[in-house]
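Architecture at a glance
Spelled out from the first residue to the last, the chains are:
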Amino acid sequence: MDVEKYLARIGCSSPCGPTLETLRRLHLNHLLTVPFEDLSIHSGERVKLELPLLYDKLVCRRRGGFCYEINGLFSWLLSQLGYKVHILAAQVKNRFTGAYGPPLDHFIIMVTLDGHRWLCDVGFGSGFQLPLSLETDSPQRQSHGVYRLRTQDKLIFVEVQLEGDAVKNPEGDTAWNALYKFTLEPRQREDFTAMCEYHQSSISSVFFCKSLCSLLLPQGRISIIGRKLIITSLPTEEGAQPVKTKADLTDEEITELLRDKFGIVLSSPLIPKDADIVPPPINY
């Protein structure tokens, strides 16, 4: 596995050292170049988590992946560049069902730099664009949204501010939506193997139920879910809502968009899927 080739894949030159500026650049560039996708599951492949296989898929074949793949390989890159990396596990709040996933549902990264802890996540889809400081519970404004980390006992909730000035809770305060929750318990890569299999076979997993591919854009996001194209554009005026446009796609159009907009050419035919997700039987 070649660090220089990985850096070239995400449009970065060789960094000078493990600094916050470099970490921010790596994080953002990764989101802008490596798609969040689960197309392997829907094109006859199986997702495996061995690092050489992830490197071959994301770097050599210029594919994307889901959290175990993207954050798994990104954590390796950061460690190779001299960062102090800690692997953590999270539980995602499913935006379709509103239910949290099981333990080890999501692979995330904490980087400690000059005594300051930073949350990194380049494998979540529509999440934060730059590392979030774990040293504050104050809102952290970024290009695509406002985020905060809210602590409740041993749990930490990653939350995004709901868009638009009109979005308030019953008390009249700004409303927030949880993306996922996690603890600071350290994890190992092998801990996620069973959940990786779960997400490839469970009717309660978004990845099994929906074929998806999504990429951050400087002014929004482009996504394909099933046979639908969704383009989100950031508002040009403060307080306005993002603009979403949707279009139905043919199989041929999906293939063209994957190639032209995401840089993905699949080796096996894709079977688009957009089935309903069954909430998990246990309340996590």
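Residues numbered from 1 in each chain as written. Predicted model: local features only at pLDDT ≥ 70, side-chain atom pairs only at ≥ 80, totals over all residues. Heavy atoms only, no water.

Turning our eyes to something else, we now look at the sheet that holds strand β13 (residues 243–248). Strand order in this open sheet of five strands is β1-β10-β11-β12-β13, and the pairing throughout is antiparallel. Looking at strand neighbours, the two that pair on one side only are β1 (36–37) and β13, the edges of this open sheet. In terms of strand pairing, strand β12 (residues 228–233) meets β13 through six bridges, oriented antiparallel. In the strand pairing of β13, I231 is matched with T245. (Pairing = 2+ DSSP bridges. Helix = DSSP H or I, 4+ residues; strand = E, 2+ residues; numbered from the N terminus.)

What follows concerns the nonpolar core. If you look at the biggest cluster of nonpolar residues, it comprises 49 residues, and the most contacted ones within it are Y6, L26, L73 and L77. Non-local contacts of L73, meaning those with residues more than four positions away in its chain, are made with M1, Y6, L51, L54, Y55, L58 and V59. Formed by 18 residues, the second largest nonpolar core is a distinct cluster that contains A90, F124, L132 and L134. (Core = buried A, V, L, I, M, F, W, Y, C linked by side-chain atoms within 4.5 Å. Buried < 20%, exposed > 50% of the residue type's maximum accessible area, 1.4 Å probe, protein only. Contact = heavy atoms within 4.5 Å.)

Residue R62 is not a glycine yet carries a positive backbone phi of 55°. On the secondary structure map, R62 appears in the loop between α3 (51–60) and α4 (67–80). Its relative accessible area of 42% is what places R62 among the partly exposed residues. In this structure, D153 is a non-glycine residue whose phi angle is positive, near 55°. Summarising the element assignment, D153 is placed in the loop between β7 (145–152) and β8 (155–161).

Let us now look at the pairing of β12. Of the strand pairs in this sheet, strand β11 (residues 220–225) and β12 are connected by six bridges, and their pairing is antiparallel. In the sheet register, I224 faces β12, and the bridge partner there is L229. Connecting β11 to the next strand, β12, in antiparallel fashion are two residues, including G226 with a positive phi near 60°.

Taken in spatial order, the eight strands make up an open sheet running β5-β4-β3-β2-β9-β8-β7-β6, and their pairing is antiparallel. Two strands lie at the open edges of the sheet, namely β5 (132–133) and β6 (140–142), each paired on one side alone. Sheet topology places β7 next to β8; six bridges connect them, and they run antiparallel. Its bridge partner being in β8, R150 is matched across the sheet by F157. Its contacts with the sheet put helix α2 (residues 20–33) on β3 (106–113) and β4 (116–120), and the angle it makes with β4 is roughly 10°. Each of β2 (84–92) and β3 is contacted by α4, which is oriented at about 20° to β3, the strand it contacts most. (Axes fitted to C-alpha atoms, helices over the stretch in contact; angles between N-to-C directions.)

Moving on, we come to the pattern of salt bridges. Taken as a whole, this structure holds 13 salt bridges when the rule is applied. The shortest N-O distance in the salt bridge between R187 and E185 comes to 3.4 Å. On the accessibility criterion, R187 (22% relative accessible area) is partly exposed. Measuring nitrogen to oxygen at the nearest pair gives 2.7 Å for the salt bridge that ties D248 to K228. A residue pair is termed long-range when its members are at least 10 positions apart, and D248 in strand β13 and K228 in strand β12 qualify at 20 residues. Owing to a relative accessible area of 60%, D248 belongs among the exposed residues under this scheme. (Salt bridge = Lys/Arg side-chain N within 4 Å of Asp/Glu carboxyl O.)

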